Amino acid sequence: MKTAERRIPGDPTKDQLIDRFLRVNQAGELGAVRIYQGQRAVLGKGRHGPLLAHMAAQEQHHLDTFNRLIGERRTRPTVLAPLWHVAGFVLGAGTALLGERAAMACTVAVEETIDAHYAEQAAQLGDDEAPLKATIEQFRAEELEHRDIGLANEAEQAPGYPVLSTAIKTGCRIAIWLSERI
């Protein structure tokens, strides 16, 4: 099967679909880098410092990859990048200020949302986009690793976990929708 082979009138063309994927993924990875920078600013010298550094390094690799692909494919980045730059840091630092468990709850909520997002993208990519699909699947596996790290570090024991998780997931889904289009 080829990418966008089964599109119906009104669906994005293959090129539009790939542009959306690259635009939103670059934006999301920028947000993730900034979340970990915010968390590390608050918790980086504590017991979670090495874990946060590990996850931040992987997110930076993801961002570097999508920055490269944006240039190679001549895709327009989202105009909302300055907003995600600030919002990501504020979310990371803000949850870290609520405590280690809240920071891990943030990680779990973000990574669960990104898992679903990347799975949907991978399902839409055909054999003609095998390298991009492989990249997305590799990054998805690393995002799930981050989720598992958060769960292993008591994310679900954060005060108000269900509310915090739902709020962060909702914010992520809104950011995804906007970044695909704007």
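Structure: see above.
Below is a summary of the structure that appears in this document. The model shown is predicted, which means the values in this text are computed figures rather than measured ones. (Residues numbered from 1 in each chain as written. Predicted model: local features only at pLDDT ≥ 70, side-chain atom pairs only at ≥ 80, totals over all residues. Heavy atoms only, no water.)

## Some details on the overall build of the protein chain
Per the secondary structure count, the protein chain includes six helices and zero strands. Along the chain direction, N to C, the helices and strands of the protein chain fall in the order α-α-α-α-α-α. For 182 residues, the compact-globule estimate of 2.2 N^0.38 gives 16 Å, and the C-alpha radius of gyration of the protein chain, at 16 Å, lies within 12% of that figure. Counting only C-alpha atoms and orienting by the principal axes, one finds that the protein chain spans roughly 50 × 25 × 25 Å. Out of the 182 residues in the protein chain, the part that is buried amounts to 47%. Put simply, of all contacts in the protein chain between residues at least 6 apart along the chain, 84% involve residues at least 24 apart. Surface summary for the protein chain: the accessible area is close to 9,000 Å², and the carbon and sulfur share equals 58%. (Helix = DSSP H or I, 4+ residues; strand = E, 2+ residues; numbered from the N terminus. Rg over C-alpha atoms; globule rule 2.2 N^0.38 Å. Buried < 20%, exposed > 50% of the residue type's maximum accessible area, 1.4 Å probe, protein only. Contact = heavy atoms within 4.5 Å. Areas by Shrake-Rupley, 256 points an atom, 1.4 Å probe, with all protein chains shown as cover.)

## Things to note about the pattern of salt bridges
Overall, the coordinates contain 10 salt bridges when judged by the stated rule. The closest approach of N and O atoms between Arg-47 and Glu-100, which form a salt bridge, is 3.1 Å. Pair noted here: Arg-47 is in the loop between α1 (14-43) and α2 (49-73) and Glu-100 is in helix α4 (residues 100-124), with a separation of 53 residues, a long-range link. The shortest N-O distance in the salt bridge between Arg-181 and Glu-180 comes to 2.9 Å. (Salt bridge = Lys/Arg side-chain N within 4 Å of Asp/Glu carboxyl O.)

## Focus: α2
Every α-helical turn comprises 3.6 residues, leaving residues that sit three or four positions apart pointing alike. Between its first and last C-alpha atoms α2 spans 36 Å; for 25 residues at 1.5 Å apiece the expected length is 36 Å, and the two agree. Looking at α2, one finds that the buried residues are Gly-49, Leu-52, Met-55, Ala-56, Gln-58, Glu-59, His-62, Leu-63, Thr-65, Phe-66, Leu-69 and Ile-70. Here the buried face of α2 lies against α1, α4 and α5 (130-152). The first or second residue beyond α2 is Arg-74, which carries a positive phi of 55°. (Expected span 1.5 Å × (residues − 1).)

## Considering unusual backbone geometry
The phi dihedral of Ala-4 falls on the positive side, at around 65°, and the residue is not glycine. With respect to the helices and strands, the residue Ala-4 is situated in the segment before α1. Residue Glu-154 is not a glycine yet carries a positive backbone phi of 70°. Following the sequence through the fold, Glu-154 ends up in the loop between α5 and α6 (161-181).

## Here we look at the environment of His-117
Along the chain, the position of His-117 falls in helix α4. Distance in space between the C-alpha atoms of His-117 and Gly-92 is 20 Å, their sequence separation being 25 residues. Among residues more than four places away in sequence, those in contact with His-117 are Val-24, Asn-25, Ile-176 and Glu-180.

Everything listed is a geometric property; what it means functionally is a separate question.
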